[in-house]
Amino acid sequence: MADGYTKTVPEMTFGNLWLITKEECILKVRTRFAPSPTGFMHIGNLRTALYAYLFARKENGTFILRIEDTDRTRYVEGATEVIKNTLKEAGLHWDEGPDVGGDYAPYVQSERMAIYKKYADELVNNGHAYRCFCSDSDKGDEANFAEKGCPCRDIDADEAAKRAAAGESYAIRQKMPRVGETTYHDVLHGNITIENRELEDQILLKSDGMPTYNFANVIDDHLMDVTHIIRGEEFITSTPKHVLLYDAFGWDKPVFIHLAPVMGKNADGSTAKLSKRHGATGFSDLTALGYLPTAIVNYVALLGWNPKNTNEEIFSLDDLTRLFSLEGLSKSPAVFDYDKLGWVNGEYFKRMTDAEFAAVARPFAGDLPPNVAANWTNLAALLKTRLTHLAQIPVEIDFLLKMPAFDAALYENKRNKINPAAAEEILPPVIEVLGAVEAEKWQNDVLYAKLNEHIAAVGQKKGAVMWAVRIAVAGKSVTPGGATELLAILGKDEAILRLRRSLDSLKAGTYGTA
RNA sequence: GGCGCGUUGGUCAAGUGGUUAAGACACCGCCCUUUCACGGCGGCUACAUGGGUUCAAAUCCCAUACGCGUCACCA
């Protein structure tokens, strides 16, 4: 046990209430995120990591990253990098783990083989585990095997040792008690009890020498002095096995916190654990669509957790750290909602300066013609309040890159009392007025003022003129920005050209300028 | 199937025996307005069901239903 650290006593917690003892006052919280490197950072995993991170930070504790790569058959090249990069992008910096090291290194399980072997042997020696020489064919009927248990459990210890010494391949199984029950306490779910006979003699050490998750996580969590295990609910029923292991070694148990899963909504309205078929579910999928890491973290934090005493929903990582508490965790599943994510993301856009937004949005706009590129910051400012994610930009601005063909019916608008015929009257003088504006003064405020002057002079309806101009120049009914804003973005030459062509089409009755 | 966990509006959720059952997203309407959006105002919709306990239950207990998880030499 490391210095300055005292174990918690899970038995002394009731519900979500903690009885604080003197020892606990000096408890140094240590949490870990222990992903398996699959090459993909699922949003549910990110949330688990986030909660573990927040809790550690909130308690001035330590956040550990541990890579659980004990399944060789699942090894994916570069997968660890994906995990590390995601954590970095999300701002979840780990105090101990790969790259940064720490007093409990190594933090990659495949580098800790000797450790698991040693502890597995200890268990074999004290009778809490045994060698299993079964091959797949020996297991015969799976159901029967599961019911009767592994026959190796009854092999004489000396004989088993001899067979092992003779070079026979074996795995090590945990010897479960066949009677009684095992109870542990979960912060969210209270006491959870499982009959011991429900527990099978699980493999601790595979025949390739690698530990299974159920063994390695116990050994490592103990050796690394992890105080709070925050992980998914799928481990709720296997935790009694872990508890039995802690007991077999005579170790104190950490505090368990099992999180409800993140769900996705199916086409038929039902829900299922969030997976690829629900769309973008990986952190990188989301960022590729133009959701900001800060917004993703913000939204994901709220999926299964809620701060006390506030209705605010936009939180920075620092805010979350300050507000986080285990009591705010929800024990029921939460459905991932793209609408809400989009709203949160949009809130972040709105809080950025125009320049900041223009910078992050630029890569999503693709190649821009010179006239539009020159006005990018202004265009971005128009886009800022209209997006839920950056990938929407191309369709939002497509008409600026290429004037679309459009139907004259677009000039039709009842509220503004405008129709194609009226547009044909309105446009000519407008083109003249705009043509007189010097290129250097071709800016929104100037154009707006000029147009207003003209409107006042001829006594037309402002909405009608603006509508006609906007349609003539955009060829689209819904645009980011109004008439003069679009004129400004297009630049004088292109704007005038478009107005003329649209007017010509109107006159010719051909409508539209392809 | 056994065991376990869960269940407040379409979604996220507040709520810890006595409330007109918050708030947010989405949706709808109105206002603002050079379109859309932003912003402002308003509306819609919820305690899974059935039994208890209690003067009083979304809150406590028990069933039922439904959902999810787990029963691997995967994590």
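See the structure printed just above.
The paragraphs below set out a description of the structure included in this document. Predicted model only: the values in this text are computed from it and were never measured.

1. So, the protein's contact with RNA strand B
Then comes step 1: The environment of RNA strand B is formed by 60 residues, the closest being Glu 313, Thr 385, Arg 386, Tyr 448 and Gly 481.
Then comes step 2: Per the 4 Å cut-off to the protein, sugar and phosphate atoms form 70% of the nearby atoms of RNA strand B.
Then comes step 3: Take Tyr 213: an N or O atom from its main chain is 2.8 Å from a phosphate oxygen of RNA strand B.
Then comes step 4: Elements with a minimum of two residues in the surface near RNA strand B: β8 (190-195), β12 (262-265), β14 (334-335), α13 (338-350), α20 (462-474) and α21 (483-490).

2. Some words on the packing of helix α18 (residues 420-435) against helix α22 (residues 492-508)
Then comes step 1: Contact geometry for α18 and α22: axes closest at 10 Å, N-to-C directions at 150°. Our classification of the angle between α18 and α22 gives roughly antiparallel. For α18 against α22, the interelement crossing comes out left-handed. Contacts from Pro 420, Ala 423, Glu 424, Leu 427, Pro 428, Ile 431, Leu 434 and Gly 435 of α18 reach α22 at Lys 492, Ile 496, Leu 499, Arg 500, Leu 503, Leu 506 and Lys 507.
Then comes step 2: Grouping the constituent residues of the contact of α18 with α22 by class yields ten nonpolar, one polar and four charged.

3. Points about the sheet that holds strand β9 (residues 203-205)
Then comes step 1: An order of β5-β6-β9 is seen for the three strands of this open sheet, with the pairing classed as antiparallel. Where the open sheet ends on each side, the last strands, each with one partner, are β5 (129-132) and β9. Going from strand to strand, the sheet's axes swing by 45° on average, the running direction of each strand aside.
Then comes step 2: With four bridges connecting them, β5 and strand β6 (residues 171-174) associate as antiparallel partners. Across the sheet, Arg 131 pairs through a bridge with Ile 172, a residue of β6.

4. Examining helix α19 (residues 444-458)
Then comes step 1: For α19, with 15 residues, the first-to-last C-alpha span of 21 Å sits near the 21 Å given by 1.5 Å per residue.
Then comes step 2: Buried within α19 we find Leu 447, Leu 451, His 454 and Ile 455. Down the axis of α19, the buried side of the element spans an arc of 100°, and every buried residue falls inside it. Set apart from the buried face of α19 by more than 90 degrees, the exposed residues are Asp 445, Glu 453, Ala 456 and Ala 457.
Then comes step 3: Of the surrounding elements, those touching the buried residues of α19 are α18, α20 and α21.
Then comes step 4: Downstream of α19 by one or two residues, Gly 459 has phi in the positive range, about 70°.

5. As for the packing of aromatic side chains
Then comes step 1: Per the stated rule, a full pass over the model turns up 13 aromatic pairs.
Then comes step 2: On the numbers, 5.3 Å between centres and 85° between planes, the contact of Tyr 299 with Phe 336 is edge-to-face. Here Tyr 299 is found in helix α11 (residues 293-301), whereas its partner Phe 336 is found in the loop between β14 and α13, with 37 residues between them in sequence. Here Tyr 299 and Phe 336 have matching classes, each one buried.
Then comes step 3: Pairwise contacts between aromatic rings join Tyr 51, Trp 305 and Phe 324 into one cluster.

6. Brief notes about the layout of surface pockets
Then comes step 1: Estimates place the volume of the largest pocket at around 860 Å³.
Then comes step 2: Elements with a contribution of two residues or more to the lining of the largest pocket: β3 (30-33), α2 (43-58) and β10 (228-232).
Then comes step 3: Here the lining of the largest pocket is composed, by residue class, of eleven nonpolar, ten polar and ten charged.

7. Things to note about empty space enclosed by the protein
Over the atoms rolls a probe the size of a water molecule, and its path tells where empty space is left.
Then comes step 1: Going through the model one piece at a time under the given rule, you end up with one cavity of 30 Å³ or more.
Then comes step 2: Considered as a void within the structure, the largest cavity measures approximately 60 Å³ in volume.
Then comes step 3: Every residue lining the largest cavity is listed: Ser 36, Pro 37, Glu 68, Asp 69, Thr 70, Asp 71, Arg 74 and Tyr 75.
Then comes step 4: Residue composition of the lining of the largest cavity, by class: two nonpolar, two polar and four charged.

8. Quick word on the sheet that holds β12
Then comes step 1: Taken in spatial order, the three strands make up an open sheet running β13-β12-β14, and their pairing is mixed. Each of the sheet's edge strands pairs with one partner strand only, and the pair in question is β13 (271-273) and β14.
Then comes step 2: Examined bridge by bridge, β12 and β14 share two bridges and lie parallel to one another. Among the inter-strand pairings, Val 262 is bridged to a residue of β14, identified as Ala 334.

9. With respect to helix α4 (residues 113-125)
Then comes step 1: When the terminal C-alpha atoms of α4 are compared, their 18 Å separation across 13 residues agrees well with the 18 Å that a helix rising 1.5 Å per residue should span.
Then comes step 2: Considered for burial, the residues of α4 that qualify are Tyr 116, Tyr 119, Ala 120, Leu 123 and Val 124. The buried side chains of α4 occupy one side of the element, clustering within an arc of 150° when seen end-on. Opposite the packed face of α4, turned more than 90 degrees from it, sit the exposed residues Ala 114 and Asn 125.
Then comes step 3: Residues of α4 that are buried make contact with β5, β6, β9, α8 (213-223) and α9 (239-249).

The rules behind each value
- Residues numbered from 1 in each chain as written.
- Chains lettered and ligands numbered in written order.
- Predicted model: local features only at pLDDT ≥ 70, side-chain atom pairs only at ≥ 80, totals over all residues.
- Heavy atoms only, no water.
- Near = heavy atom within 4 Å.
- Polar contact = N/O pair within 3.5 Å; in protein donor to acceptor, adjacent residues only side chain to side chain.
- Helix = DSSP H or I, 4+ residues; strand = E, 2+ residues; numbered from the N terminus.
- Axes fitted to C-alpha atoms, helices over the stretch in contact; angles between N-to-C directions.
- Parallel < 35°, antiparallel > 145°, perpendicular 65-115°, else oblique.
- Left-handed = near helix turned anticlockwise from the far one by under 90°.
- Contact = heavy atoms within 4.5 Å.
- Nonpolar A, V, L, I, M, F, W, Y, C, P; charged D, E, K, R; others polar.
- Pairing = 2+ DSSP bridges.
- Expected span 1.5 Å × (residues − 1).
- Buried < 20%, exposed > 50% of the residue type's maximum accessible area, 1.4 Å probe, protein only.
- Arc of directions from axis to C-beta.
- Phe/Tyr/Trp six-rings, centres within 6.5 Å; stacked < 30°, edge-to-face > 60°.
- 1 Å grid on protein atoms, 1.4 Å probe; cavity = no way out; pocket = protein on both sides within 12 Å on 5 of 7 lines; lining within 4 Å.
- Points joined across faces, edges and corners; volume = space filled by probe spheres on them.

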